[in-house]
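Fold and contact review
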Amino acid sequence: MTKKQAQDQSEAIIAAEELKQRTIRADAHLWRTTLDDEPSEAERAEFAAWLAEDSRHRSAFERAGAVWSLTGEVERAAAAVKPARRGLRQPLWLAAASLLITAAALFLVLRPSAPPTAAQQVVTLTAPPGELLTTTLADQSSVTLGGDSALRVILTVTARRAVLLRGDAFFDITHDPERPFTVSAGPAQVRVLGTQFAVESRGSRTLVAVAEGSVRVATDGNRQDRSGGAQSALSSAAADLSAGLGITVDRHSGVGAPRTLDPNDIAAWRDGRLVFVSAPLLEVVKALNRYDQRTLYLDPSPLAQEPVTATLRIDEFDANVALLAATFDLTIDEFKAGHLNLKARE
């Protein structure tokens, strides 16, 4: 190896390490943002995994915390300038000098932690009950949310991840082999390179369906003991799904068996339909609530887990409630405006 080649190789190694350090610092600040806004259980688990990946992650996260604290000092110093103008004991020039010194210190702390120039995005998307929301992300992927759904997306130069906080989402992900897209939803973890798929959160269950391409579905690594005890390791293996297949991930039993789906039924809520296959009655009631301004309740009863297989129109709330009542011999009680209750006949 020539002296020039050795020098070029050394510079390449240094540049790669600098990029890695900048990426770690950027991720640390993104995690600060995420954890400061009521993170979900899945996000906490993902953060713990991130900390364990590299010993540098924890120190970068702590440094990000120091920067955030210093930001607060600047805000307090800025507030101190105003009383000086009202003639309090502190002269205006002294308050201003204090602000400049604090701001200079903040600049020195932030400067080495400047994020990479590549596009980044941290956003929480929400769709109100009865409405759909379609958004194009910074990487040109698109997401459609069903009624009363919420999704958090974090895109960096090294990773793309999303957490379905509640409800339904359909993803059309741009292909990027260097940055797989991962989705956390309840007990499920979904990993893709570029494809179209739906994820529907149902409390302790998550439904995943693939319209195009393929995904890998696994559990988040924990399950809740049915007796109400502490969580234990979940041993169910991951499953690879291709187009036209769906799967259910359960908090208690893990990854289910893949099943063939009608392509028209994948994320059918985008076309105004809710498709249920052996879904618990309580789950059906909660799904109907996401597509109407009124709220439907189900009195506690053994019927809550009764399986339902049906296709319902999301714009026919009254007809759907009447159908459930007739099917399970329930009465409909409107105990106050906009609040309906399904309960056993007396």
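Residues numbered from 1 in each chain as written. Predicted model: local features only at pLDDT ≥ 70, side-chain atom pairs only at ≥ 80, totals over all residues. Heavy atoms only, no water.

This part covers the overall build of the protein. Of regular secondary structure, the protein possesses six helices and 22 strands. Per-residue burial for the protein yields a buried fraction of 42% across its 346 residues. Residue pairs at least 24 apart in sequence account for 53% of intrachain contacts in the protein once pairs closer than 6 positions are excluded. Carbon and sulfur atoms provide 53% of the accessible area of the protein, an area that totals close to 18,200 Å². (Helix = DSSP H or I, 4+ residues; strand = E, 2+ residues; numbered from the N terminus. Buried < 20%, exposed > 50% of the residue type's maximum accessible area, 1.4 Å probe, protein only. Contact = heavy atoms within 4.5 Å. Areas by Shrake-Rupley, 256 points an atom, 1.4 Å probe, with all protein chains shown as cover.)

This part covers the sheet that holds strand S8 (residues 188-192). Strand order in the open sheet formed by seven strands is S1-S4-S5-S7-S8-S11-S14, and the pairing between neighbours is mixed. Edge positions in the sheet fall to strand S1 (121-127) and strand S14 (239-242), since each of these pairs with one other strand and no more. Neighbour-to-neighbour, the strand axes of the sheet open up by a mean angle of 20 degrees, direction not taken into account. Two strands pair when backbone bridges link them, and strand S4 (residues 149-155) and strand S5 (residues 160-166) are joined in this way by six bridges, in the antiparallel orientation. Residue pairing in the sheet places Val-153 in a bridge with Ala-162 of S5. (Pairing = 2+ DSSP bridges. Axes fitted to C-alpha atoms, helices over the stretch in contact; angles between N-to-C directions.)

This part takes up the pairing of S8. Burial along S8 is one-sided: Ala-188, Val-190 and Val-192 are buried, and none of Gln-189 and Arg-191, which face the opposite way, are. Relative to S8, strand S7 (residues 181-185) runs antiparallel, the two being bridged by five bridges. Its bridge partner being in S8, Ser-184 is matched across the sheet by Gln-189. The hairpin formed by S7 and S8 contains two residues between the paired strands, and Gly-186 there has a positive phi angle of roughly 55 degrees. Relative to strand S11 (residues 214-219), S8 is paired through four bridges, and the arrangement is antiparallel. Across the sheet, residue Arg-191 finds its bridge partner in S11, namely Arg-216.

On to the side chain of Asp-176. Among the secondary structure elements, Asp-176 is positioned in the loop between strand S6 (168-172) and S7. Among the residues examined, Asp-176 registers a relative accessible area of 19% and is labelled buried. Once residues lying within four places of it in the same chain are set aside, the contact partners of Asp-176 are Arg-160 and Leu-193.

What follows concerns the confidence of the model for the protein. Per-residue confidence for the protein gives a mean pLDDT of 76, with 69% of residues at or over 70. A low-confidence stretch, residues 222-236 stays under pLDDT 50, and its non-local contacts, those more than four residues away or across chains, total 28 contacts. (pLDDT = per-residue confidence, 0-100.)

Moving on to the environment of Ala-238. Structurally, Ala-238 can be placed in the loop between strand S13 (231-233) and S14. The class of Ala-238 is partly exposed, set by a relative accessible area of 43%. For the pair Ala-238 and Gly-256, spaced 18 residues apart in sequence, the C-alpha to C-alpha distance is 9.6 Å. Ignoring any residue separated from it by four or fewer positions in sequence, one finds Ala-238 in contact with Arg-216, Val-217 and Ala-218.

Another point: the pattern of salt bridges. Applying the stated criterion across every chain yields a total of 16 salt bridges. Asp-168 is the partner of Arg-290 in a salt bridge, and the nearest nitrogen-oxygen pair spans 3.0 Å. Of this pair, Arg-290 sits in the loop between helix H5 (281-289) and strand S19 (295-298) while Asp-168 sits in strand S6, and the two are 122 residues apart along the sequence. When its relative accessible area of 8% is taken as the criterion, Arg-290 is described as buried. A salt bridge links Asp-292 to Arg-294; the shortest N-O distance between them is 3.0 Å. In this structure Asp-292 comes out as buried when scored by relative accessible area, which is 16%. (Salt bridge = Lys/Arg side-chain N within 4 Å of Asp/Glu carboxyl O.)

With respect to the helices and strands, Arg-179 occurs in the loop between S6 and S7. Each residue touching Arg-179, except ones within four places of it in the same chain, is listed here: Asp-139, Thr-156, Val-157, Thr-158, Ala-159 and Arg-160.

Here the focus is the sheet that holds strand S22 (residues 339-344). The strand order across the open sheet built from three strands is S19-S22-S21, with neighbouring strands paired in mixed fashion. Each edge of the open sheet carries a strand with a single partner, namely S19 and strand S21 (330-336). For this sheet the average axis-to-axis angle between neighbouring strands, irrespective of direction, equals 25 degrees. Bridge count for S19 against S22 is four bridges, and the pairing is parallel. Paired with Leu-296 across the strands is Leu-340, a residue of S22. Where H5 meets the sheet, it contacts S19, S21 and S22, and its direction lies at approximately 170 degrees from that of S19. Along the sheet, helix H6 (residues 317-327) contacts S19, S21 and S22; its crossing angle with S21, the most-contacted strand, is approximately 135 degrees.

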